[in-house]
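These are the residues of each chain, in order.
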2 protein chains.
Amino acid sequence: MAKQIKIKEIAQLAGVSAGTVDRVLHNRGNVSPEKLEAVEKVLSQVGYKFNLHTSAVSLKRGYRFLFITPQVQPGNYWDAQKDGVRQAMEEYSDIHIEILSREYDQFDHTSCEACFNAALGEEVDGVIIAPTFQTETLSFCRELSRRKIPFLFVDASVEGADNAITFCTDQNACGRIAARLADWHCRSGEKIAVVHSGRKNQQRSTNSIAREQGILSYFRESGRENILLHTTLKQSSEVFAETEEFFRQHGEVRSAIVLNSRGYQVADVLRRAGRKDVCLIGFDLTALNRRCLEEGSIAALLCQRPQSQGFYAVKTLIGILLYGKTDPYQTGLIPIDLVMKENLPYYREVIF
Amino acid sequence: MAKQIKIKEIAQLAGVSAGTVDRVLHNRGNVSPEKLEAVEKVLSQVGYKFNLHTSAVSLKRGYRFLFITPQVQPGNYWDAQKDGVRQAMEEYSDIHIEILSREYDQFDHTSCEACFNAALGEEVDGVIIAPTFQTETLSFCRELSRRKIPFLFVDASVEGADNAITFCTDQNACGRIAARLADWHCRSGEKIAVVHSGRKNQQRSTNSIAREQGILSYFRESGRENILLHTTLKQSSEVFAETEEFFRQHGEVRSAIVLNSRGYQVADVLRRAGRKDVCLIGFDLTALNRRCLEEGSIAALLCQRPQSQGFYAVKTLIGILLYGKTDPYQTGLIPIDLVMKENLPYYREVIF
DNA sequence: CGTATATTTGTGCACGAACACAACAGAAGT
DNA sequence: ACTTCTGTTGTGTTCGTGCACAAATATACG
C-alpha cells in the first residue's frame with residue numbers, strides 16, 4: 001500500500017502554497033496560468049486522491065439537490081428510488097446535503113413542464129431527473145447546462161442529452177429475458193401475450209417501447225415462432241372486462257408479459273378470467289407486484305434496482321460537485337434482477 | 001434533519017470531559033462506575049452517531065484482517081470475493097487497514113487446519129472466514145472468541161457458531177429457483193438431471209446439500225412429478241465419459257442442474273454427448289461459467305454476489321472494531337441473482 | 001509616477017474524534 | 001505523615017482539507 005500524497009506535499013513539489021493547490025483541485029479559479037500548469041503537472045504525476053473523510057470534515061458549505069420524478073406513492077417504483085436517495089443521505093449525513101423531492105404527473109406533460117420551471121426558480125446545486133417527456137426534459141437540461149448546474153438521469157436516458165450520466169437498466173435486454181422466460185413455458189402451439197397496460201391515448205413510455213423491441217428481437221434471433229398476441233389493458237374497469245374476455249377466449253395463451261410495472265392489474269384480470277395457468281411476467285418490485293409474486297399470481301418480475309439508482313445518483317452528484325470526478329460511473333448500467341417467489345425475501349430496502 | 005450531537009456536548013450533559021465519553025464509547029475502561037452510568041444515561045437519551053469521517057481522520061492505529069478462503073484462482077468464485085474485499089479497502093483507503101489473504105485446499109481438511117493454526121500465530125484484529133470444514137472451523141472460532149478477536153463468515157454459515165455474522169445466500173432458495181426453472185422447461189414425461197460434480201470421496205459441501213434439499217422441496221411442494229435423475233460427475237476424465245454416456249442414453253432428460261460452480265464442465269460433457277437441447281442451470285458467475293452463458297451452453301446461473309459478500313464482510317468488521325456496532329448487518333442474507341445471457345453484461349466487478 | 005483597483009498567493013483557523021500524556025485523587029504501604 | 005502505587009479524569013495535540021482573510025503582486029487609470 002503506497003502512502004497517499006497530501007496537498008501540502010503537492011504544494012511543495014509545485015513550488016506553491018497549499019491554498020493554490022486547493023484552488024486548482026476545485027476549479028475555484030484565480031490562479032495564474034504558470035502556477036496552474038505547475039500544479040497540474042505535479043498532479044498528473046503523483047496521482048492525487050481526495051481524502052473523502054477529511055474533505056467531509058472540513059466542508060463548510062451545504063449542497064441542495066433536486067430529485068424530480070413522477071408521483072411517489074408508498075411502495076411504488078419511485079418510492080423505492082427515493083428510498084435509495086434517503087440511504088445515500090444517511091451515508092453522507094455528516095456533510096450538509098439537502099435533497100428536495102419534486103413530483104410531476106407522468107401522464108401530463110404540462111405538469112412536468114411546470115415542475116421544471118419551478119425548479120429553475122430555486123437555488124440548487126444539482127438535479128436528478130427521472131425523465132418521461134423527451135422534449136421538455138431536453139430543454140430543461142439545456143438550461144441547466146447553461147447555468148452550469150450538474151444533472152443526471154435515473155430510470156431512463158434522454159435522447160440528445162447523451163453525454164449525461166444515467167443510472168438505468170438495459171430495457172431491451174429486459175424484454176429479451178422476459179421473452180426467454182415466457183418462451184420456456186410454451187409448448188408447441190402455445191402462445192405469448194404481450195400486454196400494454198395504460199391509459200387511453202397515453203403516450204407509451206420509452207422503457208415500455210424498448211422492452212417490446214427486446215421481446216421482438218428475442219424471437220427474431222431465436223427463430224422461434226410463438227406468435228405473439230397483443231392486448232391493451234386500459235385503465236378503466238370496462239376495458240378490464242374486455243381484457244378478461246381476451247384471456248377467456250385465447251386458451252392457447254400460456255404466458256403473458258406486462259410491459260410496465262402494473263403487472264398486478266393483469267394478475268387480477270387473469271384471476272377473474274379463471275386463467276391461473278398463464279405464466280405472468282412483469283416488471284418492477286413494487287409493493288403490489290410483490291404481493292402477487294408471493295401468492296404466485298405473478299411468476300417472475302424483472303427489476304431494475306431502483307434503490308441503487310437513487311443511491312448512486314446522489315453519490316455521483318456528490319462526487320462531481322465536491323471532487324470534480326465524472327468518470328467512474330459514466331455508463332452506470334445497473335444490473336437487471338430476475339425475482340421469483342424464492343429469492344423475493346432477499347430483495348429488500350438495504351442496498352447490497 | 002436534526003443536527004447530530006457531538007462528543008463535547010455529551011460530555012457537558014453528563015458533567016464529564018470529552019475524554020471520558022470517548023473512553024465509554026470505545027470501552028477503553030478506566031472509568032468510575034458513577035461517571036460510566038452518567039455517560040451511558042446521556043448516550044441512551046441523545047442517540048449518538050459516530051461521525052465516520054472525523055473518526056477516520058483522527059484514527060492513528062491500523063488494523064489487520066485475515067481473509068481465509070479456499071484457493072483463489074483468477075476468475076473463480078473466491079477471486080470475486082477477494083475483489084469485493086479489495087473494493088472495500090479502496091473505500092477505506094485512508095484508514096490503515098491491511099488485509100492478508102490466506103488460502104486452504106477445500107478438499108483437504110488438514111490444509112485448512114494448518115491454515116487456521118498459522119492464523120492463530122499472527123497478530124490480527126479481525127478474521128473473515130469462508131468455511132468448508134465444520135468442526136475445524138468451529139474450534140478455530142472458539143479460540144478466536146477466547147482471544148476476543150472478532151470474526152465473521154462469508155459464503156456459508158457454520159453450525160454451532162450461530163450468533164456469528166454471516167454474509168451468504170439462502171442456498172435452499174437457490175435450489176428451489178433452479179428447480180422451478182428446470183421444471184418450466186420440462187414437458188410431460190421429460191426429466192431433470194441433478195449433477196454432483198466433484199472429486200471421488202469428496203465430502204459434499206453444505207451449500208451443495210442445501211441446494212439439493214431446495215430442489216427436492218420444490219417438487220414436494222409443487223406436487224409435480226418430474227422424476228429426478230441423479231448423476232455424479234467425478235473429477236477425472238474417465239468418469240467424464242461415464243456422465244457423457246448417461247446423457248446419451250437418457251434422451252428424456254430436458255434440464256440439468258449442476259449443484260456447484262463447475263457447470264462449465266457439464267456444459268462440456270453435454271456438448272460431447274450431442275445434447276445441446278438440454279437446458280443447463282448452474283451456480284456462480286465464474287469466468288468459465290460466464291463464457292458458457294455467453295455462448296448459450298448454460299441457460300442460467302444462480303449467483304450469490306461474491307463481491308458484495310467480501311465487501312460487506314470488511315465493512316462490517318470495520319464497523320465492529322472501530323464503532324462497536326454489530327446490529328446493522330446481523331443477518332446479512334444477500335440477494336440471489338438469476339443471470340442469463342441477456343443480463344450477463346451488467347453483472348460486473350463494480351458493486352451496485 | 002502615484003494611487004486605486006483587480007487579481008493572485010499564502011497563512012491560519014476550524015472541523016470532530018482519537019489518543020497520548022499530564023494531573024489528580026485515593027488507597028496502601030512504610 | 002510521607003511515599004508509592006493504582007486507577008481515574010481532563011487537556012492538548014494531531015490528522016488533512018476547506019475556506020475566510022490577509023498579504024502581496026499585477027494591472028488600470030488619471
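Residues numbered from 1 in each chain as written. Chains lettered and ligands numbered in written order. Predicted model: local features only at pLDDT ≥ 70, side-chain atom pairs only at ≥ 80, totals over all residues. Heavy atoms only, no water.

A. How the structure looks around the relation of the copies chain B and chain A. Note on the copies: chain B fits chain A at an RMSD of 0.1 Å, the axial shift is 0.0 Å, and the rotation between them is 180°. The operation mapping one copy onto its partner corresponds to a two-fold rotation axis. Looking at the rotation axis and the C-alpha trace of chain B, the residue lying nearest is H53 of chain B, at 2.2 Å. (Least-squares fit on C-alpha atoms with pLDDT ≥ 70 in both.)

B. Representation of the packing of aromatic side chains. Scanning the model with the defined rule gives 18 aromatic pairs over all chains in all. For the pair Y48 of chain A and F50 of chain A, a centre-to-centre distance of 5.5 Å together with 65° between the ring planes defines the contact as edge-to-face. Clustering of aromatic rings is evident, with ring pairs tying together Y104, F116, F133 and F140 of chain A. Cation over ring: R61 of chain B sits above Y63 of chain B, and NZ or CZ is 4.1 Å from the ring centre. Against the face of F283 of chain B rests R211 of chain B, its NZ or CZ located 4.0 Å from the ring centre. (Phe/Tyr/Trp six-rings, centres within 6.5 Å; stacked < 30°, edge-to-face > 60°. Lys NZ or Arg CZ within 6 Å of the ring centre and 35° of its normal.)

C. Molecular detail of the interface of chain B and chain A. Between chain B and chain A, the residue contacts involve 51 residues of the former and 52 residues of the latter. When chain B packs against chain A, the two sides together hide about 4,700 Å² of surface, and 61% of this comes from carbon and sulfur. Taken together, chain B and chain A are joined by four salt bridges. Across the pair D337 of chain A and R305 of chain B runs a salt bridge whose closest N-O atoms are separated by 3.7 Å. (Contact = heavy atoms within 4.5 Å. Buried area = accessible area lost by both parts, 1.4 Å probe. Salt bridge = Lys/Arg side-chain N within 4 Å of Asp/Glu carboxyl O.)

D. Seen up close, the protein's contact with DNA strand C. Taken together, 26 residues sit near DNA strand C, with S17 and S32 of chain A together with H26, R28 and Y48 of chain B positioned nearest. Put simply, 71% of the atoms of DNA strand C that lie within 4 Å of the protein are in sugar or phosphate. Contact between DNA strand C and S32 of chain A: a phosphate oxygen at 2.5 Å from a side-chain N or O atom of the residue. Secondary structure elements with two or more residues in the surface near DNA strand C: α2 (18–25) and α4 (52–58) of chain A together with α4 (52–58) of chain B. Per element, the largest residue contribution to the surface near DNA strand C is four residues, and it comes from α4 of chain B. Its residues placed into classes, the surface near DNA strand C shows eight nonpolar, 10 polar and eight charged. (Near = heavy atom within 4 Å. Polar contact = N/O pair within 3.5 Å; in protein donor to acceptor, adjacent residues only side chain to side chain. Helix = DSSP H or I, 4+ residues; strand = E, 2+ residues; numbered from the N terminus. Nonpolar A, V, L, I, M, F, W, Y, C, P; charged D, E, K, R; others polar.)

E. Examining unusual backbone geometry more closely. Even without a glycine there, the phi angle at R305 of chain A is positive, about 50°. You will see that N27 of chain B, though not glycine, has its phi angle at about 50°, which is positive. By secondary structure assignment, the location of N27 of chain B is in the loop between α2 (18–25) and α3 (33–46). Take N27 of chain B: its relative accessible area is 70%, and that puts it in the exposed class. (Buried < 20%, exposed > 50% of the residue type's maximum accessible area, 1.4 Å probe, protein only.)

F. Highlighting the sheet that holds strand β3 (residues 126–129) of chain B. Residues and elements named next belong to chain B. Across the sheet, which stays open at both edges, the five strands sit in the order β2-β1-β3-β4-β5 with parallel pairing between neighbours. Both outer strands of the open sheet, β2 (97–104) and β5 (166–167), are each paired with one neighbouring strand and no more. The sheet contact formed by strand β1 (residues 63–70) and β2 spans eight bridges and is parallel. Bridged to F65 within β2 is I99. Along the sheet face, helix α7 (residues 134–146) touches β1, β3 and β4 (151–154) and points at about 165° away from the line of β3. In the packing of helix α13 (residues 306–323) onto the sheet, contacts are made with β1, β2, β3, β4 and β5, and the angle to β1 comes to roughly 145°. (Pairing = 2+ DSSP bridges. Axes fitted to C-alpha atoms, helices over the stretch in contact; angles between N-to-C directions.)

G. Region of the structure containing the nonpolar core. Core analysis: the biggest nonpolar cluster contains 52 residues, and L181, W184 and I257 of chain A together with L181, W184 and I257 of chain B have the highest contact counts within it. Core analysis: the next-biggest nonpolar cluster, separate from the first, contains 43 residues, F50, V85, L322 and Y323 of chain B among them. (Core = buried A, V, L, I, M, F, W, Y, C linked by side-chain atoms within 4.5 Å.)

H. Up close: the protein's contact with DNA strand D. Near DNA strand D you find 26 residues, and of these K6, Y48 and S58 of chain A together with S17 and S32 of chain B are the closest. Within 4 Å of the protein, the atoms of DNA strand D are drawn from sugar and phosphate moieties in a proportion of 71%. Here a phosphate oxygen of DNA strand D and a side-chain polar atom of S32 of chain B are 2.7 Å apart. The side chain of K60 of chain B places a nitrogen or oxygen atom 3.2 Å from a base oxygen of DNA strand D. When residues of the surface near DNA strand D are traced back to their parent elements, those giving at least two are α4 of chain A together with α2 and α4 of chain B.

I. Spatial organisation of the pattern of salt bridges. Going through the model one piece at a time under the given rule, you end up with 42 salt bridges over all chains. For the salt bridge of E342 of chain B with R180 of chain A, the shortest nitrogen-to-oxygen distance reads 3.2 Å. Of this pair, E342 of chain B sits in the segment after β11 (337–339) while R180 of chain A sits in helix α8 (residues 171–185), each in a different chain. The same class applies to E342 of chain B as to R180 of chain A, namely buried. The closest approach of N and O atoms between R28 of chain B and D22 of chain B, which form a salt bridge, is 3.1 Å. Judged by relative accessible area, which is 51%, R28 of chain B ranks as exposed. Three or more residues are tied together by salt bridges with common partners; here these are E244, E245, R248, D268, R271, R272 and E295 of chain A.

J. Summary view of the packing of helix α1 (residues 7–14) of chain A against helix α3 (residues 33–46) of chain A. Residue and element names in this part refer to chain A. For the pair α1 and α3, the least separation of the axes is 9 Å and the interaxial angle reads 125°. With respect to their mutual orientation, α1 and α3 come out oblique. The chirality of how α1 crosses α3 is right-handed. Residues I10, L13 and A14 of α1 lie in contact with α3, whose contacting residues are A38, V39, V42, L43 and V46. Here the contact of α1 with α3 is built from residues that sort into eight nonpolar, no polar and no charged. (Parallel < 35°, antiparallel > 145°, perpendicular 65-115°, else oblique. Left-handed = near helix turned anticlockwise from the far one by under 90°.)

K. Here's a closer look at the domain arrangement of chain A. All names here are of chain A. On domain assignment, one finds that chain A holds domain 1 (7–59), domain 2 (62–168 + 305–334) and domain 3 (171–303). Summed over both partners, the interface of domain 1 with domain 2 buries about 560 Å², with 73% contributed by carbon and sulfur atoms. Its largest share of buried area at the contact with domain 2, domain 1 owes to F50, L52 and L59, together 66% of the area lost on that side. Across the contact surface, domain 1 and domain 2 share zero salt bridges. Tallied by class, the residues present in the side of domain 1 that touches domain 2 amount to four nonpolar, two polar and no charged. (Domains from an automatic or database assignment.)

L. Fine view of helix α5 (residues 77–91) of chain A. Residues and elements named next belong to chain A. For α5, with 15 residues, the first-to-last C-alpha span of 22 Å sits near the 21 Å given by 1.5 Å per residue. Within the sequence span of α5, burial applies to Y77, W78, A80, Q81, D83, G84, V85, Q87 and A88. Buried residues along α5 sit in contact with β1 (63–70), β2 (97–104), β4 (151–154) and α13 (306–323). The distance from a side-chain oxygen at the start of α5 to the backbone nitrogen of W78 is 3.1 Å, and the residue carrying that oxygen is N76. (Expected span 1.5 Å × (residues − 1).)

M. Structural context of the pairing of β4 of chain A. Residues and elements named next belong to chain A. Every second residue of β4 is oriented toward a common face, with F151 and F153 on one face and L152 and V154 on the other, all of them buried. Bridging between strand β3 (residues 126–129) and β4 involves three bridges; their strand directions are parallel. Within the sheet, the bridge partner assigned to I128 lies in β4 and is L152. Chirality of the crossover, the property in question, places the unit of β3, helix α7 (residues 134–146) and β4 among those that are right-handed. Here β4 pairs with strand β5 (residues 166–167) via two bridges, running parallel. Following the sheet pairing, F153 is matched in β5 by T166. (Right-handed = clockwise from strand over helix to strand, strands pointing away.)

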